[in-house]
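# Chains, contacts and geometry: an overview
As a plain string of letters, each chain reads:
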Amino acid sequence: MSRLFKGFALALSMLSVLPFFKVHDFYKGINGYAVMFYPLIGALLGAALYGVYLVLYPYVPSMHLGVIIFALWVVVTGALHLDGLSDTIDGLFVTKERALEVMKDPHNGGMGMSFGAVFLILKASSVVALGEEVYLIPLIMLLSRLLVVLEIYLYPYISKNGMGALAKSELKGWQAAVALLYSLVVVALFHSFWLLFIMLFTLFILKYFFMKRYGGFSGDMYGFSIEVSELILLNAVIVSLV
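Residues numbered from 1 in each chain as written. Predicted model: local features only at pLDDT ≥ 70, side-chain atom pairs only at ≥ 80, totals over all residues. Heavy atoms only, no water.

### A few points about the side chain of Asp220
Secondary-structure assignment places Asp220 in helix H12 (residues 219–241). In this structure Asp220 comes out as buried when scored by relative accessible area, which is 18%. Not counting residues up to four positions away in its chain, the partners in contact with Asp220 are Asp83, Gly84, Leu85, Asp87, Thr88 and Met103. (Helix = DSSP H or I, 4+ residues; strand = E, 2+ residues; numbered from the N terminus. Buried < 20%, exposed > 50% of the residue type's maximum accessible area, 1.4 Å probe, protein only. Contact = heavy atoms within 4.5 Å.)

Next up, the structure:
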């Protein structure tokens, strides 16, 4: 029970700015549990956003409310995944031999900032366009983090150091299976297996690209994967409404 709680606390502190369990000490033995909870943390954060939507819906114009939800989405996740998105994009505009060095640079490059800004505009527009389908945000946040669980479990980590390497080494098959199982339950509750298939297709594309270019994944690429899959899933829902 202690490892479960510490793993949940670590996952929450890593994937959000919530102050309740500020645990960033990657104790041996809890990192696999933390990864197991990634989709659950995504669903809980998404549920919180939807709760804000329900509270404000009677009082705030719909377009402005969508922007508020988007802003809270960025804030509550601490822009952590956006940083990974920007760093990964910077790495794409140099040779693959220099890419990892560029991604480790704490300063964002011009390409990362430019494409990151475009990405934010697209994501904000997508949240606004969701309209009343905003109730799917918890599912979208769950699936994007399930995608990362599968990346961690299935594919190599390209560095021997860091949290990602520790998570990769400690994540057991049964922990990945638990994450998949409860995620499937949530998908069934939403009657949205089609979104799961889109997530898996996105995983296949990301795997093909990053394995071909780098031979594996890094922490920044996990953040990139979360952000890109969220945008794809948001727009899949929007297209389905047309």
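Next comes the rest of the description.
### Observations regarding a nonpolar patch on the surface
A grouping of Phe193, Trp194, Phe197 and Leu200 is seen on the molecular surface, where their side chains present a nonpolar patch of about 390 Å² in accessible area. In this fold, Trp194 is placed in helix H11 (residues 193–213). (Patch = residues over 30% accessible without salt bridge, like charges linked within 9 Å, V, L, I, M, F, W, Y side chains within 5 Å. Areas by Shrake-Rupley, 256 points an atom, 1.4 Å probe, with all protein chains shown as cover. Salt bridge = Lys/Arg side-chain N within 4 Å of Asp/Glu carboxyl O.)

### What to know about the nonpolar core
Membership of the largest hydrophobic core comes to 74 residues, with the highest contact counts inside it found for Tyr38, Trp73, Ile137, Leu139 and Leu143. Looking at this core element by element, the count peaks at 12 residues for helix H8 (residues 137–154). (Core = buried A, V, L, I, M, F, W, Y, C linked by side-chain atoms within 4.5 Å.)

### Some points on the pattern of salt bridges
Across all of its chains, the model carries 3 salt bridges by this definition. In this structure, the salt-bridge partner of Glu227 is Lys123, at a minimum N-O distance of 2.8 Å. Pair noted here: Glu227 is in helix H12 and Lys123 is in helix H7 (residues 110–130), with a separation of 104 residues, a long-range link. Lys123 matches Glu227 in its accessibility class, with the two residues each being buried. Note that Glu230 is salt-bridged to Lys123, the shortest N-O span being 2.5 Å. Residue Glu230 is located in helix H12, and its partner Lys123 is located in helix H7; the two are separated by 107 residues in the primary sequence. By relative accessible area, Glu230 is classed as buried at 1%. A cluster of three or more residues bridged by salt bridges with shared partners is formed by Lys123, Arg145, Glu227 and Glu230.

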